[in-house]
Each structure stands twice: as structure tokens, then as C-alpha cells.
Amino acid sequence: MAKMQTPAMEKIQKKNARRKKAYKSTPGRESWKRYKRNPTAIIGLVVVCILILIAVFAPLIAPFNYQTQDYGAMMQAPSAAHWFGTDQFGRDIFSRIIYGTRYSLVIALFCTIAAFFTGGLLGIIAGYFGGIVDTVIMRLMDIFQSIPMIMMAMCIVAVLGNGIPQLVAAIMFASMPTMARNNRAAILRVRGCDYIESSEAIGVSQPRMIIKHMIPNAAGVMIIFFAGFLAVSIMMMSSMSYIGVGLAAPTPEWGLILNDGKAYLTSAPYMMLFPAMMIMITCFAFNLMGDGLRDAFDPKMK
Amino acid sequence: MKLKKLTAIVLAGAMTISLAACGGGDKSSGTATGSTGATATASFLQPNTDAANTEETDETLTIGLSSEPSTLFGIAAGKTENEDQIIRSALTETLVKKNYATGEIEPNLASEWEWVDGTHLKFTLRDDVTMGDGTPLVADDVVYTFNVCKEYCATSDVGKYLVGAVADDEHTVTIEFTTEAPDFLTMVSWTDYGIVTEDEVNAAGGLEAAQTNPVVGNGPYKFVEWKNGQSITLERNEDYWNTDYAGYYKTIVFTFTSDAAAREMAVESGDADVAVDMPVSQAATYASSDAVNTTIYSFGQETHLWYNMGDDSRATADANVRAAIDKALDFDAIAQVGTSGTADASLSYWDTSCEFYQANYTKEERDVDVDAAKELLAEAGYEDGLEITALGLQDNTPVLTVMQANLAEAGITLTIDTPDTAQFVEAAFGGDYDLICVGDTPATRIPPNVMPFLQTLNVEGPGMVIGGPKWTSDEFDSKITALITESDADKVVELATELDEMVKADTICSNLYPEMKAAVYAKDLKGYNTIERGFIDVTTLYK
Amino acid sequence: MLKYILKRILYLIPILIGVSIIIFALKTFTPGDPARQILGNSASEEQVQEKREELGLNDPVPVQYFNYVKGIVTRLDFGDSYRTGKPVLSEITPRLWTSAKITLGAVIIGALIGVLLGIISALKKYTAVDSGVLVISMFFQSVPEFVIGLVLIMVFAVNLHVLPANGIETWQGYIMPMLCIGLASVASYTRITRSSMLEVLGEDYIRTAKAKGQSQNNITFRHALRNALIPVAQSVGTNLGNSIGGGMVLETVFGVPGVGKYIVDAITQRNYPSVLGGALIIAIVLTIINLLVDISFVLIDPRLKTTIISGSGSKKMKKVKPETAKAA
């Protein structure tokens, strides 16, 4: 990025000169500055931070144990004692949702990381090496993409059975092609840049090139998809819970709580309302964040 | 920029509220949400109580089934499917009928019957009955039907106990069974044994084609159309032989909606008149609804918690462990959750609808006793805790969740394994579990129904049962056989009580609760009746 | 051109082989014996063995796979459903039409709303309206489709009694499934429309038109929109794939007898011939639709010939930006 000498810049430079350590204008810092200016993105970030805090401090926030059943208080509407009401076992829905934040976020994170390290890595390799490697990997991904994600995930759960690791594996496989495609595109953008071509010319080794130069420069675009994918994972989990595959009770995952409540939609809508709202708020926040990141890292894209 | 920020917040807030308001608004239209769903369920209805319909109209009855049947002539495919059973009960007629209000067997196509000996049952047919193709009913039709059952259902309960049928003359027929059981007479009243003629099956295109084009039988309704994936349509049989019967609806349409909530909403919105096969937990919440009528009823099936005893390496092979679990379980809570508060915990292995039912436990004996459980566990060498798994269908999850909480009190860690149906069957069949919840229907004393999990043939033989203890003894086996073959009422009670005692003494299983079935009906509907296994009778509904 | 079409059709072959291998592998690793499932639990071991022999389940997996492919190639035989015993193809064909109608309606609804919102937010860029549009479109992307589906049933069927709760016996039955699947893709269309509109509005010819004194409406709709819609239309293919996925869940909610529900049921029933057949047919349909979309572009606008026909790698680059697929 060519630097321009503007009065503002000079001011910043003067300010930096006063600091012990010189201020370096890295792509990351520039992006953060752009991100900060985007109010919706900040809302997204704040909500995500709150969710993370809820997940971390779940035991302190939740008034009840998420597993404790109370047969004297089954299916009660929201009240002062049970803010979100109770379910068909008399379990406090508020506490379940609070703990559910932990499960849902962590599972979504694992899914995204797993997808990144399989599909994403394949995409990076394909994008970097190009040629036959690219063709083989991407044609393989084309095949995977021809199977609808939810169908792929269901088939994999059928093989592996229910459980958290199985669910992560299922969503990982199902989302591999999209991840690969996105990362490949990100790498291809960077690849065309002058400095990569020049480092190639001076003979920088390949792994070094990928790790030291290309990934950090493509990271911005990758992070955008990472945020978006957290939302996708949460939605996938809830859809799978709805069909009845993936996780087993009594895991307080939001999709499962939602699915429990679905049965009482007309008679006790609050049972479905609150988990649905949590899923919505979370996905919304991740999507807002993703959108903000898109603006921040890649202003040309918007 | 400022404005953008503000609007975004306001809009996001509005969206959230609109969803909340949407949910909240619906609350008022539904039931009184404030009352607890499970305990305030006194207002659900029982089947088999309304008077019979006497009127015929041109109206259409729409019934929401949970899934599409794969066949409408199950015996030709060798399988028994719930949806097939419900629909075909309107298309075909059986030799005798069971009156589920009185429990009596009543004449239908056969006017009389008699046990010639222990295994031969002779029927005298009515001579004024016409079959679906207009020909009069003859003994050969019965012979044909039972031979199809025997041949095509050789591996299922439908054909397994049939030796064959012989026509004595045009209007008498003798059916031979493989073993002695007076209640085989009840079995003959099941829809599976609906009489068809060979000619009409051939006219429908043979046994294979009749599965999708079941223009066979002489029931109160006739098959019209099967729109694949969408609906099945029946029409009133204007030439129905039984003139005492009046079918209120001219047309019956069956639709398929796997989502129970959506099925119920179809009734509430007026798109359907009946939602069949509702989960009881869900149905109980509609009991006080003004929009629909709900029936919740037991149908003679008891749910038992079985301990796997087939493998000595399992902790559950130890009688002390079984007794400990039995002591630790809160049976009232389990029954409460399992039946949504519509039935109490069972006090016997046998269902209360059995004519030989006697309570074998007192209420106090069923109370939770965590200390006794811990003691028993210590005696078995598990004072430091025990880890076991329970296998169940996804429907069992609520009950297993209760057990998990109960057992945790006694230091037992229960892992719940609720795979999908296919994997459940595989695991249950192979004995891959410590605990399993399965039900049986002992009210009809025929071999597949009376303690099938403890019959030697089923435990060791080719037709292994799904679930159960995977263990039995000669004593159990011979007592069960005696109970099945006995025809003296007093002796039956005596044998049943002895068996019940034997189960209790060794804690072979824990008796949980009577299984409940539920259906949701449009508010103005009447005439709720059931056929075998608690399926709804679609031919008796009226407004 | 013909050569290109041929090439694309040939390209379908490795995809189909790949898809069938994946599903076949999953089938092989899935616990449970299909023969036991067909016959029920009371069947004896001999009968199960007999059935296994009949279904060819005792052959080595590669042989089974070869026979399956041979059946498709020589007889167009996708196998028989384990559940009904009927040929999978004859079961799927009528369902394909149902799903096609719903998906088409959904794409139209999604694209119409999406493009409209996209135009609005592009014209009012960086204003409150712009962020309002962003929030609305993102709302539908953030709620699981089945929740929207159930809420729609509750409002329009149970409370207002204007639409049927489930089934597609009447044309009204199509409305809610179409709406539900369509709404989920609104966000993606909005985003693409907005960005390509902004790009086009900055082009020289628009400025020229402005300079020549053409009205704002004229510029927006005659010049800008026409060009801006090209990337939108190109994204239809990707969105179609997502809509089919979304349809799998929603067809279950609305009781629609489409391919999606067929496959979901087949997976839960371990009815693998139906799963395989369904997967292959979806792959074929998706590929053909993408091909048709591309061909129609070349026919409409010959300038695009170079972008589309010259290599798929460069095409992907020029084809707007990669989209994060919506789940399911």
C-alpha cells in the first residue's frame, strides 16, 4: 500500500514519534481502524463478546443446574423464578440456554476450525500451487459440493452416530468445499501481488512463502469467512437437531432446546421462542461481524 | 453515519421484538399456558365411549398420518405397518371383531365359532355377505386369505402361528394354529386377517399390485386413489353388507405430515380433522385447548425397563445391581414424564387391561430409597460408582433423562444412547446395552405378546426379540407357555401372579408405566373408537 | 460453443462418479444390515442371508459398486427402494417436479426481494435505509428456516386460516414453502446486487449518461441495473444449491412430497438405493441448471463468452466474490 503524505498522516507520525515504540501501519491495524468506524460491526462484536462472557461465566449466571429436573414445576410459563419458563422436565430454560451458549459456541468454533484445517488448507494448497494440484483438489471439491450440505452431514452422522465429535466431523466434511473455495480465492488474490512475485524471484522457499507471506496477507479475507462460518455452523446444528440427528439429550445445545420446544409450539411457545432468539441473535452478531470484517479487510469488495 | 448506527440498533431491536410478539400473540390463541401442561390434563377424552353414528353425509374427513405407508396390503409384503393397519381396517372385514368398549369378541363375517381342539378353530360364515367384487363370501375366500398370511408373513407374528386353513364346506372353515392359545381368536380379529377373495386380488393385478392398488375387501370404505407422497383417498362403500352401519363421511383422505407440531396445527387451522400418532407429551398440552379435542388412552401396552442379563461381564447381570437401580428410580416421576401425567406408575408386570391383572407391588415399595440402593451397590462391589448405558428410541429420551438424574443420586452414571430407529433396532437386537426400555402387549395371551422377552425361543432362537434381558430360564419358559395355553380364568390369574412374583424376586425388569397413545381431533368431531393396538378407527367418526 | 457445451456435459461424468462413490462409501460404512431391515427382526438368519445374496450385499464392495453403475448406464436403473420395492427413479421423478416448482418459486421470490433491496441500498448507500436493508436481509439469514416455517404456519394457517398448514393439494400450499426457502437467500442476492450496482454506477458510461442529462430513473434501470444484474444471475446457480438443501428441511416441515423429504426420510430409514438415486439426480439437475444459466448468458450477451468459456479458474475470479454458503 503506497503511503501518501497528508496532513493527517503527519500528525499521526508525530504522535507515533512520541511513543517509545514506533507505530507501524500494518494491514491489521488499518483494518481495525476501518472496523471501528462501522457501527453495525461494533454491535456485532459487542454481542459476540457478551456471548463469550456468558459462555465463560455460565455457572455463575445460571440460577439452576441445567440438568436438574423438578417435577413440581413442569412446563411453567416465564415467571420471576424461571425467567424463560421451564420445560417438560421442569428444567429451567434460562439456565439451559445460558449453558447452551457454552456448548453451541464451542461446537460451532470446533466445526469452523475443523473445516478450516481441512477444506481451508486444501484451498490454500490449491491456490498456491495451481496447475494440476489445483485442478485435482478443486474437482474433488466440486464433487463434494454437488451433495447438499445437510444431506452430507446427515449421511455422515448415520455412519458415525450421535455425539459432539461426530457432529463436528459431519459439519466439517459438509462444509469443506465452501471453505476450500473461499481460501483458494483469497490466496489467488494475494498470489497476483507484486511482492509475492518478487519474493518468488529471489528464491524464498515454498512453505516459508505460504506461511510467512501469503497466509498473513490473505488472512483478512479468511477471517471474514471464519466469522460467517460460525453462523453457518450454528444454523446447521439446529437444522440437524430439528431432523433428529446430531446431538443427543440432555446436552443443552440451542438446537436441541429448540427442538424440544417445537413440540409445544401452539401451547407453550416460550419453549421455542427463547432458544430461537438466542440462535438468531448469535447468527446475527456473527453475520454483522463478518460484514464489518469484509468492509475492514477488503474495502474493495463492498 | 450516526443515523445509520441508530437505525440499525432500532431495527435489530424491532426484529427481536416482532419475533417475541409473534410468539406471545400465539399464546393467547392457544391453550392456557400458565397452567402446567402435564398436571392439569383432566380434560382429555377417552375413546370407545360415544354412541354410534346413524347419519350419512357427502362430507370429507381428512386424517393427518405421521408417515406414508409403503404398502396398503401389508400381508402381501409380509410386514405390519401402523399406517397400513389404520387405512386397511376401513377396507377389509375380519371374521370376528373385538369390541374395545366391552372387551368382548363379537361376530362379524363369521356368525359362530368353536374350538374343535386346542389348535383347531372352526368358523361358520354368514351367508348374506357379498365381497368387494360382488360375489358371495365363501369358505374358500377365508382359506385363500389365511394361506396368503401364512405364506407371505411366515417370519412375522401374522403368519408364524398359522398351520393353514381348510374349507369344511361352503360356509364353514377350520383354521389350524401351531400351538395352543385360546386368545388366537382375538388375533383373528386383527386387520391383518381382513378377508379378500383370490379373484379380486387377481383383478387388482395380483398380490404385488394390490399393495398400491388395494381394490380388495368388503369393508365400509373402498379405495379410490393413492397420490404418491401426497394423499390416499377412500370412498364410502355404498354396497356395504352390514346395513346396521352408517358411514358419516362420503370421502376419507389421508395425508402425511411427519412433524407432529405441524400435524396438530393442520387440525387447529381446519385443514385436517384428525392428527394421528401424536406424542403424548405434546397431546397433553392440548387437553385444555378450546381449538381441538384430544384423546389420550392406554392400549394394553406396558413399558418395562429391562436389564441385560445375557452377558456375565455386565454389571446388570448381578441381581444386587438390578435391585439397586430399581430402588434408585423414581417411578412416579418416570410415569409422570413417560405418560405426561396421564397414568400412574405400574404396580405389576401386567397391564391393568389384562383380565388377570393383580397389583403385585404396593405404592410404598415403589418409593425411592437411595440409601438401600447404595447399600445394594456396595454389596455388589460398586461402592465407588458404576457406569452403565441405556439404549432407547429418541421418543424415550425424556424418560431416560429422568432415570439419568435418579441414578446419579445413587452414584450410577447413566449414559443415554438414543440412536435413530435403524441403529436402535440393530443394537437392541444384538443386546448392545445395559438397560433398555421396551414394551409388550400382554392383554392378548398369544405367544408374541406374553413376556416375549423371556421365552426361550425368542431369546435363543432365530426370531430373536428386540431388547429384553437376553436371558431366560426353563421355569420362566414353561410358566409362560402354561399361561398362554390355559383357558381356565382362575388358573390364568394364578399363573400370571406367579410369573409376576418371579420377575419381582430377581428384579428381571422394572415395571414402568402403561404406554399411552394420543390423537387430536377437530372440536366438533365425535365417535372416537380404536381398533387393535390402539389405532384409531377411521370409520366411526361423525359430527 | 457446441464444443463448450459438450465439454461441460462430459465434465458431469466425473462428478457423478465421485458423488456415487462418496455415498456408496458412506453406505458401506453405515452400521446395520439392509437385508435385516427389509425383512424385519423376526426373520431367521438363513432368510437374511438369502436376501443378502439377492441384493448382492455379499459381493465385494467394488463389485457392488460396479453392478450399480452398470445398472444405471445400461438400463437407467437406480435400484429399488428398500422400503417400497419400487424403482427409485419412478419414485423420484414426480417428486422432482414438485421440488422444481417450489425451488423455482423460491429463487424468484428470493431474487426479486433481494435485488429490490440491493438496488435500494445501493441507491441510498451509507444512509439509514442502507443499514435497514442490511438488517432485514440478514435477519432471514440468521433464523433457522424451519423456525420461520413453523411461525408462518402458526400465523397464516392456524391464526388467519388463509393458507393450508401442510401438503400441496391446492396451489396455496406452495406459497409458504416457496416463501420460506426464498427468504433465506435474500441476503445473498441483496449483497451481490448492492456491490455490483455500486460498481456499475461508478463506471464511465454511467457518468457519461449522467452528464448527458438523463434522468436518474433512466440511468438506474436502463443502464445500471441491466449490467449489474449479470453477476446476480450468475449467482443463481450457487443459491439454487443452497435452496435445494434448505428445501430438504422445509419439505419436512410443510409435508411437501418433494425430493428433499424423500431423501431425508430415506437417510433416516437407511434406504440407501433411494439416498444414492436422490443424490445423483440432484447432482445432475444442479449441473445442468448451472450449464443452462451459463449458456443463456453467452446467448444474451456475447461479450461474456470470453469470461465464461475460457477456463473455469479465471471465471471464478471474475465472478463477483465468493459467497459464504448459507447452511442447509
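As a reminder, the structure under discussion sits directly above these lines.
On a predicted model such as this, the values are computed, not experimentally measured, just so you know. (Residues numbered from 1 in each chain as written. Chains lettered and ligands numbered in written order. Predicted model: local features only at pLDDT ≥ 70, side-chain atom pairs only at ≥ 80, totals over all residues.)

(A) Expanded view of the interface of chain A and chain C. Listed by partner, the interface residues are 43 residues for chain A and 45 residues for chain C. For the side of chain A that touches chain C, the secondary-structure elements that each account for two or more residues are helix H6 (131-145), helix H7 (149-160), helix H8 (164-191), helix H10 (206-243) and helix H12 (270-297) of chain A. No other element matches the 11 residues that H10(A) contributes to the side of chain A that touches chain C. The residue inventory of the side of chain A that touches chain C, partitioned by class, reads 29 nonpolar, nine polar and five charged. (Contact = placed C-beta atoms within 7 Å. Helix = DSSP H or I, 4+ residues; strand = E, 2+ residues; numbered from the N terminus. Nonpolar A, V, L, I, M, F, W, Y, C, P; charged D, E, K, R; others polar.)

(B) Just the pairing of strand S4 (residues 110-115) of chain B, in detail. All names here are of chain B. In the sheet, S4 pairs with strand S5 (residues 120-125) via five bridges, with the strands oriented antiparallel. Across the sheet, the residue bridging to Trp-113 is Phe-123, located in S5. The hairpin turn running from S4 into S5, its antiparallel successor, is four residues long. (Pairing = 2+ DSSP bridges.)

(C) Fine view of the interface of chain B and chain C. At the interface, 41 residues of chain B touch 45 residues of chain C. Sorting the residues of the side of chain B that touches chain C by element identifies helix H1 (2-29), strand S10 (251-256), helix H9 (260-269) and helix H15 (421-430) of chain B as the ones contributing at least two each. Here the side of chain B that touches chain C gets 10 residues from one element, more than from any other, and that element is H1(B). Taken together, the residues that form the side of chain B that touches chain C break down as 16 nonpolar, 16 polar and nine charged.

(D) Expanded view of the sheet that holds strand S7 (residues 172-177) of chain B. Residue and element names in this part refer to chain B. Here four strands make up an open sheet; going across it, the order is S4-S5-S7-S6 and the pairing antiparallel. Each of the sheet's edge strands pairs with one partner strand only, and the pair in question is S4 and strand S6 (162-169). Averaged over all pairs of adjacent strands, the angle between strand axes in this sheet comes to 20 degrees, irrespective of strand direction. Sheet contacts for helix H4 (residues 139-152): S5, S6 and S7; angle to S6, the most-contacted strand, approximately 170 degrees. (Axes fitted to C-alpha atoms, helices over the stretch in contact; angles between N-to-C directions.)

(E) Structural detail: the sheet that holds strand S9 (residues 231-236) of chain B. All names here are of chain B. Across the sheet, which stays open at both edges, the 10 strands sit in the order S8-S9-S10-S1-S11-S16-S12-S15-S13-S14 with mixed pairing between neighbours. The outermost strands of the open sheet, each flanked by one partner alone, are strand S8 (221-227) and strand S14 (412-417). Across six bridges, the pairing between S8 and S9 is antiparallel. Opposite Trp-226, over in S9, you have Ile-232 as the bridge partner.

(F) Highlighting the packing of helix H11 (residues 319-328) of chain B against helix H13 (residues 370-379) of chain B. Residue and element names in this part refer to chain B. Contact geometry of H11 with H13 gives a least axis separation of 8 Å together with a crossing angle of 165 degrees. Compared by their axis directions, H11 and H13 come out roughly antiparallel. The two elements H11 and H13 cross, and the hand of that crossing is left-handed. Where H11 approaches H13, its residues Asn-320, Val-321, Ala-323, Ala-324, Lys-327 and Ala-328 are matched on the opposing element by Val-370, Ala-372, Ala-373, Leu-376, Leu-377 and Glu-379. (Parallel < 35°, antiparallel > 145°, perpendicular 65-115°, else oblique. Left-handed = near helix turned anticlockwise from the far one by under 90°.)

(G) Seen up close, the pairing of S9(B). All names here are of chain B. Turn length for the S8-S9 hairpin, with the two strands adjacent in sequence and antiparallel, is three residues, and the turn residue Gly-229 shows positive phi of about 80 degrees. Bridging between S9 and S10 involves five bridges; their strand directions are antiparallel. Following the sheet pairing, Thr-233 is matched in S10 by Val-253.

(H) Fine view of the packing of helix H5 (residues 88-123) of chain C against helix H13 (residues 259-268) of chain C. All names here are of chain C. Interhelical geometry of H5 versus H13 gives an angle of 125 degrees and a closest axis separation of 7 Å. Put simply, H5 runs oblique to H13. Where H5 approaches H13, its residues Ile-92, Arg-95, Leu-96 and Ser-99 are matched on the opposing element by Val-259, Gly-260 and Tyr-262.

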